[in-house]
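Tertiary structure, described
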Amino acid sequence: MEDLACLSPPERVRRWAQLLEEVDSRIRERAAGRVDWVRLKLNLIRKGRAMEVYSAADAAVRTAAFVAELHRGGLAEEVAEVLPSAEELVRACLAEIPIPPERALTRVVLDDLDVTAIRNSRQAKILVEAAEQHAARLRDPRLAAQLRRWSSLKTRLV
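Summarised in this report is the structure supplied together with it. The structure displayed is predicted, hence computed values, not measured ones.

1. Looking at the overall build of the protein
Broken down by element type, the protein carries six helices and zero strands. Walking the protein from its N terminus toward its C terminus, one meets helices and strands in the order α-α-α-α-α-α. Its C-alpha atoms give the protein principal-axis dimensions of about 50 × 40 × 20 Å. Out of the 158 residues in the protein, the part that is buried amounts to 39%. Put simply, of all contacts in the protein between residues at least 6 apart along the chain, 68% involve residues at least 24 apart. Accessible surface, the protein: about 9200 Å² in total, of which carbon and sulfur atoms supply 51%.

2. A word on the side chain of R34
Inspection of the secondary structure assignment puts R34 in helix 2 (residues 34-50). Within the structure, R34 has its side chain in polar contact with the backbone oxygen of I27 (distance 2.7 Å). With near-sequence residues (within four places) excluded, R34 lies in contact with I27, R28, L75, E78 and V79.

3. Considering unusual backbone geometry
The phi dihedral of E52 is positive, around 60°, even though this residue is not glycine. Relative to the helices and strands, E52 resides in the loop between helix 2 and helix 3 (56-72). On the basis of relative accessibility, which here comes to 62%, the residue E52 falls in the exposed class.

4. Describing the packing of helix 2 against helix 3
Two numbers describe how helix 2 lies on helix 3: the axes approach to 9 Å, and their chain directions differ by 165°. Our classification of the angle between helix 2 and helix 3 gives roughly antiparallel. Here helix 2 runs over helix 3; the crossing is right-handed. Contacts between helix 2 and helix 3 involve V38, K41, L42, I45 and R49 on the former and, on the latter, A56, A59, R62, T63, F66, V67 and L70. By residue class, the composition of the contact of helix 2 with helix 3 is eight nonpolar, one polar and three charged.

5. Things to note about the packing of helix 1 (residues 9-29) against helix 2
At a minimum axis distance of 9 Å, the contact between helix 1 and helix 2 shows a crossing angle of 165°. With respect to their mutual orientation, helix 1 and helix 2 come out roughly antiparallel. Pair helix 1 / helix 2 crosses with left-handed handedness. Along the contact surface, helix 1 presents W16, L19, L20, V23, D24, R26, I27 and R28, while helix 2 presents R34, W37, V38, L40, K41, L44, I45, K47 and G48. Residues of the contact of helix 1 with helix 2, tallied by class, amount to 10 nonpolar, one polar and six charged.

Rules used throughout
Residues numbered from 1 in each chain as written. Predicted model: local features only at pLDDT ≥ 70, side-chain atom pairs only at ≥ 80, totals over all residues. Heavy atoms only, no water. Helix = DSSP H or I, 4+ residues; strand = E, 2+ residues; numbered from the N terminus. Buried < 20%, exposed > 50% of the residue type's maximum accessible area, 1.4 Å probe, protein only. Contact = heavy atoms within 4.5 Å. Areas by Shrake-Rupley, 256 points an atom, 1.4 Å probe, with all protein chains shown as cover. Polar contact = N/O pair within 3.5 Å; in protein donor to acceptor, adjacent residues only side chain to side chain. Axes fitted to C-alpha atoms, helices over the stretch in contact; angles between N-to-C directions. Parallel < 35°, antiparallel > 145°, perpendicular 65-115°, else oblique. Left-handed = near helix turned anticlockwise from the far one by under 90°. Nonpolar A, V, L, I, M, F, W, Y, C, P; charged D, E, K, R; others polar.

Purely spatial values, then, with no claim about function.
Structure representation (structure tokens):
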């Protein structure tokens, strides 16, 4: 793999996405060794975060989406040994929400907000939606309650 550090941030993201797409095709095409390919993809997402290809929020969303896709596709049981738990996924997403629940916006006041507030609200919504994909599998009642609280505020987020 070439040295990604010398590439521009958009080019780094593009190259990393190509790599992840290649791993995705291996996961879909090959039952033999699928656990190893899933493990590799999860490690690549973590490594992408460490190399600043992705922000922590992006990595949390990508991981949550990937695991949700495996569940929807019926592959999660086959690779369960390497998957993060629903608690880990939801906790990672909620930890990256850049605003407290009481700062959830209403769409009525958007004209009065600065760009940062709008971006934070949008990121909160993306993270909540990523976490919600794992709500049915949560075992921790406090974490489930925290996610329900954010879910109830989702209509106020942009």
